[in-house]
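# Reading the structure
Below are the chains, spelled out letter by letter.
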Amino acid sequence: MVKKIAWALIVIALLVSIPSIIDRVNVEQSNKSYEITMAYDQYEQWPLMLDEMMTEEEILEQLRDSGLSSMSFEPLTIWDLVLEGEFERKSRPEIIHDHPEAKDELPEYNGQYIRILDDESPYIDLIKEVYNNHYELMYEDEIFLTQYEVEEYEYGEDRILFLPYEVSLASMPISFDFEAIDLVNEAGMEIIPRLPNRFPTIQHENHFIYDQLERLAVDYQADKILFSGNDVVGFNEPEQIRTFTDALNEYGYNIVKIDFNDQRGMGSLLRVGNKEEDVVRLFSMELGKGNEPKYQEELDKGIRGYKERNIRMLFVNPLARPGGTLQTYHHPGEAQQGFHYTTEMLNELQSQLGEDRNTGAETYGSLSQSTIVTLIVSLGAAALIALTAYRIYPVLIWPAGIGGLALTAAGILFNIDLALKGLALLTAISAAVYAGLHFRGIKNWKHLIITYAISAGIALVGAWLVVGMLYGTEFLLKVDEFRGVKVLSIAPAAIVGVVLFLTFIRQTLNEPVRYWHLMIMAIVGAILLLYVARSGNVSIALPYEREFRQWLENLLYVRPRTTEFLIGFPLFILGLYMMMVKNKLAPIFITIGMLGFASIVGTFTHLHTPLLVSGLRSVYGLLFGLGFGLFYIFIFRVITNYVYPQVEKRWMNR
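In this convention, every chain numbers its residues from 1, walking through the sequence in written order. Local features are withheld for residues below a pLDDT of 70 in this predicted model, meaning they are given only at 70 or higher, and side-chain atom pairs are given and counted only at 80 or more; totals for whole chains, interfaces and linings count all residues. Where side-chain values are given, they derive from all heavy atoms of the structure, hydrogens and water being excluded.

Our next topic: the overall build of the protein. The way it works is that DSSP assigns letters per residue, a run of H or I at least four long becomes a helix, a run of E at least two long becomes a strand, and they are numbered from the N terminus. Within the protein, the secondary structure is distributed over 25 helices and 11 strands. Note on contacts: a residue pair is in contact if any heavy atoms of the two residues lie within 4.5 Å. Excluding contacts between residues fewer than 6 apart, the proportion of contacts in the protein whose partners are at least 24 apart in sequence is 80%. Within the structure as shown, the protein displays about 30700 Å² of accessible surface, and the carbon and sulfur contribution to it stands at 56%. Each accessible area value is a Shrake-Rupley result obtained with a 1.4 Å probe; residue values ignore everything except the protein chains displayed when judging cover.

Below, the structure written as structure tokens:
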């Protein structure tokens with residue numbers, strides 16, 4: 001009776017969440033546009049190196065025609081202007097050496113001196129305006145007890161600016177290069193400001209950077225913002241984040257979140273600014289100078305990110321090394337080669353993803369569901385946990401059910417985020433475990449196939465419930481995510497192994513160990529070691545495996561997971577067959593088969609992956625896993641019926 005009630009709750013949970021699942025699929029499928037971008041500071045070497053071959057306008061036109069949609073700009077510092085020849089850094093002793101009369105005039109307190117090299121430079125007045133704003137705000141915050149200003153001195157033909165108490169000319173950004181921005185914008189590309197976390201007084205609404213952000217939004221229709229370095233603007237400063245995000249909301253900026261680069265403070269910025277849905281995900285590709293061995297691999301990663309990770313912005317780095325440092329072209333020939341490789345990558349990206357979709361990255365539509373639906377889905381999850389506990393040991397059904405209900409209450413009624421995620425993790429583990437324990441024995445081939453189908457169905461039910469509980473745009477964009485992927489990958493096999501091996505150990509401890517038993521155990525151990533070594537984002541790949549994966553992806557659109565179709569599902573089917581023929585080693589293979597069910601549930605816990613992609617990948621995994629499972633059974637029968645008897649006769653004298 002209790003089991004029937006539990007299954008009724010699960011069925012109701014699945015039914016009430018159907019509209020939410022459909023809505024998610026519609027939201028994902030409605031956003032197919034993308035954007036290819038690069039940094040201006042990586043682009044600007046080409047006009048310098050290739051000036052005898054192409055004009056800057058021709059370079060920009062060729063990049064745009066190849067698929068480049070936008071460029072990111074970091075604001076300049078005074079040091080950038082020094083390197084460009086607009087100013088020269090001077091020390092007080094140097095000035096006094098050249099102009100002895102300055103000794104009694106120059107201030108004694110610390111600061112930076114810069115000599116103006118171009119009297120017509122627009123940055124002269126800008127430096128005064130920006131730094132005077134900075135000094136005013138520092139005075140308001142009582143960091144300075146005196147309100148300082150930029151001072152100008154003139155000695156003969158030398159004009160010198162003094163910046164009181166400035167420590168480094170490269171520390172505080174002063175302005176975007178609007179002349180370069182005009183040129184890029186006129187070439188038909190969008191502008192993306194990229195800000196470092198180096199604005200000490202940005203909590204003030206009259207900070208100079210806000211005028212520049214407004215100008216970019218109004219005059220250039222900029223609507224996305226990036227952050228450089230390891231921090232977002234205002235990291236660890238709530239007041240700064242609050243003022244900054246208010247400005248971003250006023251000017252209509254969306255946040256660009258870099259995949260695999262968890263910049264500190266990003267979560268706080270999105271929460272404080274109520275911008276969890278105003279996010280575009282970016283994948284950064286390191287092209288190097290184009291002739292590196294990983295060129296094609298980076299290209300494939302970018303395309304895969306668009307298809308499988310809701311990535312809508314692809315960042316091409318023609319000169320970036322791992323770690324962020326930039327290379328330099330040493331001669332025009334090298335620059336020309338780098339330009340060729342870059343346009344080749346751009347063309348390939350646009351060709352693979354569709355030229356008609358290269359219209360600019362957009363945010364996803366809003367995803368939300370009522371608390372009632374989340375509550376019912378959570379109750380269904382608690383029921384699945386209770387059923388799994390009952391299958392392990394009947395007495396456990398009550399503590400498991402009560403625990404599930406407690407997590408549901410904490411997560412839904414008291415809005416404790418960790419409780420809901422804990423319930424989701426337990427649901428995912430329970431689904432994979434129940435998939436391997438719902439049957440007692442296998443009668444015949446028909447029963448074997450039906451058992452495999454039911455196991456797959458149970459795993460997918462668990463995945464459905466997880467998707468229904470952790471529902472929202474923030475999960476779609478990986479602003480928030482499922483926790484416990486590593487635990488999910490290991491726990492089902494461990495739990496099922498303990499349950500099955502209690503019987504297995506009792507049956508085999510007193511039996512003689514045969515050589516082929518040892519061989520099978522060695523194979524199983526190697527499989528488990530390989531599985532552990534390959535888990536995670538950085539994993540071991542076998543020779544030609546990457547090429548095989550890419551071939552599968554090109555053929556099937558998305559490739560099934562190796563853990564599923566070559567290891568987990570085939571060995572599970574082999575275990576079912578061995579159970580059918582009363583082979584005592586069946587528990588070993590059924591236990592390893594749990595890796596497949598943990599993986600298929602885990603596929604759907606990657607909530608930033610489009611639901612249809614996860615579904616297609618899982619179908620491939622189950623179908624190919626069935627095919628390889630039948631092949632493994634064939635190999636097993638050949639070994640047991642033909643190979644082993646000959647070995648036994650020849651080498652064991654029997």
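Resuming the write-up.
Looking now at the pairing of strand 8 (residues 224–227). Only protein chains enter the accessibility calculation, which uses a 1.4 Å probe. A residue is then buried if its area is under 20% of the maximum for its type, exposed if over 50%, and partly exposed in between. Of the two faces of strand 8, both are covered, the one formed by Lys224 and Leu226 as well as the one formed by Ile225 and Phe227. Relative to strand 8, strand 7 (residues 190–195) runs parallel, the two being bridged by 2 bridges. Across the sheet, Arg194 pairs through a bridge with Leu226, a residue of strand 8. Viewed along the sheet, the connection from strand 7 through helix 10 (residues 208–220) into strand 8 turns out right-handed. For two strands to pair, DSSP has to find at least two bridges joining them. The definition of a right-handed crossover adopted here requires that, viewed with the strands pointing away, the path from the first strand over the helix to the second runs clockwise.

With respect to topology, 7 strands assemble into a closed barrel ordered 1-2-7-8-9-10-11, the strand pairing being parallel. Going from strand to strand, the sheet's axes swing by 35° on average, the running direction of each strand aside. Pairing geometry for strand 1 (residues 35–39) and strand 11 (residues 313–317), over 3 bridges, is parallel. Its bridge partner being in strand 11, Ile36 is matched across the sheet by Leu314. Across the sheet, helix 14 (residues 332–353) touches strand 1, strand 10 (279–286) and strand 11, and the angle it forms with strand 11 is around 160°. For every element, the axis is a line fit to its C-alpha atoms; helices are fit only across the contacting stretch, and the angle between N-to-C directions ranges from 0 to 180 degrees.

What links the strands of a sheet is backbone hydrogen bonding, and the strands pair in either a parallel or an antiparallel sense. Here 4 strands make up an open sheet; going across it, the order is 3-4-6-5 and the pairing antiparallel. In the strand order of this sheet, the two ends are held by strand 3 (87–90) and strand 5 (151–155), each with one partner. Across the sheet, the mean angle separating the axes of adjacent strands is 30° when strand polarity is ignored. Lying over the sheet, helix 8 (residues 123–140) contacts strand 3, strand 4 (111–116), strand 5 and strand 6 (158–164), oriented at roughly 20° with respect to strand 6.

Mapped onto the elements, Thr388 comes out in helix 15 (residues 371–392). Apart from the residues within four sequence positions on either side, Thr388 is in contact with Ser430, Val433 and Tyr434.

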